[in-house]
Amino acid sequence: MGCGKSKERRAAARPQSEAHGRGGRGRDSSAKVHPPSPPLPEHPAGSTNARVLDPRARLRACIDSHPVVILSKSTCERCAEVKKLFKSMCVPYFLLELDQAEDAGGLERALSELTSETDVPVVFVKRRKIGGHGPTLKAYQEGTLQKLLKMNGSEGLPESYDYDLIIVGGGSGGLAAAKEAAKYDKKILVLDFVTPTPHGTRWGLGGTCVNVGCIPKKLMHQAALLGQAVQDSRNYGWKIEETVKHDWDKMTEAVQNYIGSLNWGYRVALRERKVTYENAYGQFVGPHRIKATNNKGKEKIYTAEKFLIATGERPRYLGIPGDKEFCISSDDLFSLPYCPGKTLVVGASYVALECAGFLAGIGLDVTVMVRSILLRGFDQDMANKIGEHMEEHGVKFIKQFIPIKVEQIEAGTPGRLRVVAQSTSGGETIEGEYNTVLLAIGRDACTRKLGLETVGVKINDKTGKIPVTDEEQTNVPYIYAIGDILEGKLELTPVAIQAGRLLAQRLYAGSNIKCDYENVPTTVFTPLEYGACGLSEEKAVEKFGEENIEVYHSYFWPLEWTIPSRDNNKCYAKIICNIKDNERVVGFHVLGPNAGEVTQGFAAALKCGLTKMQLDSTIGIHPVCAEVFTTLSVTKRSGGSILQAGCG
């Protein structure tokens, strides 16, 4: 059931005169609005006391005559927020602006006498006082306001919605929220639609991580590691006679088959939990109303009490001649129907370095073009060590250049492309020929085409990110957001999953647990894996001051690498401690094999307030890489040697 124009009855200079407010954009006119109430009685004009009723009687008459009354002041921001809340629910209300009414002082005294409230706004629903700004928003968030409004089916108040919760986006976070909310017998709809890439690539339910992110990336990273393992195996006595070659088609087929099984599994899981799924693009068209458009252009309108935006991000393009025509992104790479051949990776993000790493690992000629620094936002000491290791293993880097034009020399699968690039520090230009150009220069939030402006959801105009409260609530109380589209939050799949589950528990299970965005572990799956938790060295210095942190570090040599005698003094461990807080570990960093597995365990310790003394008192497991963290003794400040000659 849709809602009509949210209209307010306004009492201004004379409370008995009424005026309608503006209706919201994108709304129909089907809502029923209470007929105008009769004018409040006045004393006869000829009376010696010819004025309106005393303030207490006037207030009581307003409260008794209207289902919803808001006592307000025209310049009050909190009052405006409360009015906006009722408009968003399509609930008509009687508005009394105290600062514009006759005898404003008398009305304010009467308000205090009747309600013990000394400030506005004050909200009444069916003669019951809800209270001010805070109590009204709390009643809305807890659902008690909606229940009160629906009591007795009062004319002009909202009818039942199609769904309790509509989730826009079927990625990891959205699906986690849907399945969690379904546990509490809520009616849930998930809308998910993949806009094809410029090359026509699309995928199934599950979002970026499953289809074109974490899952295929890690599997292709594993393919590259196996290539290295084959080389190492000869030193361990394995006799491999023929030349080992990699089959791109075989790998992509296996990866896509696995992803397909996950897509199917997600659909089954939603069906088992009675969650409705539609492969359709969601756009807000009015308060509590969304339009769903499928790939054939068929449109449906749905209503819901609450909405969750979990649309994620998509790769950014350069905006230069030939970028969308001839370049691919990570959205295309993992299902590319041919081996990419000689590849130029443009960008220095973790996506860029991970893709460059596994492409080189399966034997391709790979060049990375970098505008400025590697892995912006990560610890730069670690980032530079990653770059050095990749260069030593054959990946070429072109630094401080950006492409300005991409041209096709020859069509094919792959074809041949010419890339013209310009120096970031001058006018110098260079050219190069490649079979494939992969853009990995960043990602943009998928928020600008959702109709958010129609319902008043604020976004960052520059980034498209959505600012939210610590409960993932947008500025529109019935709309929430999670995942990569949030402003100032980590762009990681497990973060979106955690936030989605906890949000559903707060909305429907009475929980008050919020998502903790501090000390979140992550791993970059470059050839030399990088795991991190907590602050980078740069951030620690910025937060605590260089004199107040101690950095303990060491190289280490995995035992498994000693027989093939490779990559000694490349793996690296580092912890950053806050000296003034009992040397509490505020940053954990490791470069080495299985870095994610190592980091996950230590992340729990950081959550518990791990200190350097506790690390020192922990007995290590020998011989494993992670034991290095139990024996760190050299500080950066000391300048002591950290080179290793053996496995420890």
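An unreviewed UniProt entry lists the protein chain under the name Thioredoxin reductase 1, cytoplasmic, with Lynx canadensis as the source organism. The Function (unreviewed entry) field of the UniProt record for the protein chain holds the comment "Reduces disulfideprotein thioredoxin (Trx) to its dithiol-containing form. Homodimeric flavoprotein involved in the regulation of cellular redox reactions, growth and differentiation. Contains a selenocysteine residue at the C-terminal active site that is essential for catalysis. Also has reductase activity on hydrogen peroxide (H2O2)." In its Cofactor (unreviewed entry) section, the UniProt entry covering the protein chain states "FAD".

Before going further, it helps to examine the overall build of the protein chain. Secondary structure assignment for the protein chain yields 19 helices and 27 strands. Sorting the 648 residues of the protein chain into buried and exposed places 51% on the buried side. Restricting the contact set of the protein chain to residue pairs at least 6 apart, pairs at least 24 apart contribute 64%.

We now examine helix α8 (residues 214-235). Look at α8: 32 Å from first C-alpha to last across 22 residues, which is about the 32 Å you get at 1.5 Å a residue. Of the positions making up α8, those classed as buried are P216, K217, M220, H221, A223, A224, D232 and S233. Looking at the buried residues of α8, the elements they touch are α7 (207-212), α9 (248-272) and α12 (350-361). Backbone geometry just downstream of α8 places G237 in the positive-phi region, at approximately 100°.

Next up on the list: the pairing of strand β6 (residues 163-168). With five of six residues buried, β6 lies mostly within the body of the structure. Pairing of β6 with strand β11 (residues 299-309), which is carried by five bridges, proceeds in the parallel orientation. Each residue of the ladder has a partner; that of V168, found in β11, is I309. Across four bridges, the pairing between β6 and strand β7 (residues 188-191) is parallel. From the neighbouring strand, I166 faces β7, where its bridge partner is L189. Handedness of the β-α-β unit built from β6, helix α6 (residues 172-182) and β7 comes out right-handed.

Taken as a whole and assessed by the stated rule, the structure comprises 11 aromatic pairs. Residues F284 and F307 carry aromatic rings whose centres are separated by 5.0 Å and whose planes lie at 65° to one another, so their mutual orientation is edge-to-face. Pair noted here: F284 is in strand β9 (residues 280-286) and F307 is in strand β11, with a separation of 23 residues, a long-range link. When sorted by exposure, F284 lands in the same class as F307, which is buried.

Inspection of every chain in the model, using the stated rule, returns 36 salt bridges. Between R566 and D232 there is a salt bridge, with the nearest N and O atoms lying 2.7 Å from each other. Of this pair, R566 sits in the loop between α17 (559-562) and β26 (571-578) while D232 sits in helix α8, and the two are 334 residues apart along the sequence. A relative accessible area of 15% means that R566 is categorised as buried.

Ranked by size, the top nonpolar core spans 72 residues in total, and within it I575, F588 and F629 carry the most contacts. In terms of residue count, α12 provides more of this core than any other element does, seven residues in total. Not counting residues up to four positions away in its chain, the partners in contact with F629 are A573, K574, I575, F588, H589, V590, V598, F602 and L615. Core analysis: the second largest hydrophobic core is formed by 71 residues, L95, L205, A292 and L452 among them.

All right, on to the packing of α6 against helix α15 (residues 493-508) then. Following both chains from N to C, one finds α6 and α15 inclined at 30°, their axes separated by 7 Å at the closest point. For the element pair α6 / α15, the angle class is roughly parallel. As α6 runs across α15, the sense of the crossing is right-handed. Every residue of α15 that contacts α6 at S172, G173, A176, A177, E180 and A181 is listed here: T493, A496, I497, G500, R501, A504, Q505 and Y508. Of the residues belonging to the contact of α6 with α15, the class tally is seven nonpolar, five polar and two charged.

On to the side chain of N569. The topology assignment puts N569 in the loop between α17 and β26. On the accessibility criterion, N569 (17% relative accessible area) is buried. Side-chain polar atoms of N569 contact the backbone nitrogen of Q644, separated by 2.6 Å. Setting aside residues no more than four positions away along its own chain, N569 makes contact with Y555, I642, L643 and Q644.

In this section: unusual backbone geometry. Put simply, V120 and P121 share a cis peptide bond, and its omega is 5°. The topology assignment puts P121 in the loop between α3 (104-115) and β4 (122-125). Between H622 and P623 the backbone carries a cis peptide bond, its omega angle lying at 0°. Of note, P623 is situated in the segment after α19 (612-616). At D185, a position not held by glycine, the phi torsion is positive, near 60°. Relative to the assigned elements, D185 resides in the loop between α6 and β7.

The strand order across the open sheet built from three strands is β17-β18-β19, with neighbouring strands paired in antiparallel fashion. The two strands at the open ends of the sheet, each matched to only one other strand, are β17 (401-410) and β19 (429-434). Sheet twist, expressed as the mean angle between neighbouring strand axes with direction ignored, is 20°. The pairing of β17 with strand β18 (residues 416-423) spans eight bridges and is classified as antiparallel. Paired with K405 across the two strands is V420, which belongs to β18.

Quick look at the sheet that holds strand β15 (residues 366-370) now. What the five strands build is an open sheet, ordered β13-β20-β14-β15-β16; its pairing is parallel. Each end of this open sheet is capped by a strand with a single partner; those strands are β13 (328-329) and β16 (396-399). In terms of strand pairing, β15 meets β16 through four bridges, oriented parallel. When the sheet's bridge partners are listed, T367 is paired in β16 with K396. Contacts from α12 reach β14 (343-346), β15, β16 and β20 (436-439) within the one sheet, and its direction differs from that of β15 by about 165°.

Quick notes on the rules
Residues numbered from 1 in each chain as written. Predicted model: local features only at pLDDT ≥ 70, side-chain atom pairs only at ≥ 80, totals over all residues. Heavy atoms only, no water. UniProt positions renumbered as here; feature names shortened; annotations may be inferred. Helix = DSSP H or I, 4+ residues; strand = E, 2+ residues; numbered from the N terminus. Buried < 20%, exposed > 50% of the residue type's maximum accessible area, 1.4 Å probe, protein only. Contact = heavy atoms within 4.5 Å. Expected span 1.5 Å × (residues − 1). Pairing = 2+ DSSP bridges. Right-handed = clockwise from strand over helix to strand, strands pointing away. Phe/Tyr/Trp six-rings, centres within 6.5 Å; stacked < 30°, edge-to-face > 60°. Salt bridge = Lys/Arg side-chain N within 4 Å of Asp/Glu carboxyl O. Core = buried A, V, L, I, M, F, W, Y, C linked by side-chain atoms within 4.5 Å. Axes fitted to C-alpha atoms, helices over the stretch in contact; angles between N-to-C directions. Parallel < 35°, antiparallel > 145°, perpendicular 65-115°, else oblique. Left-handed = near helix turned anticlockwise from the far one by under 90°. Nonpolar A, V, L, I, M, F, W, Y, C, P; charged D, E, K, R; others polar. Polar contact = N/O pair within 3.5 Å; in protein donor to acceptor, adjacent residues only side chain to side chain.

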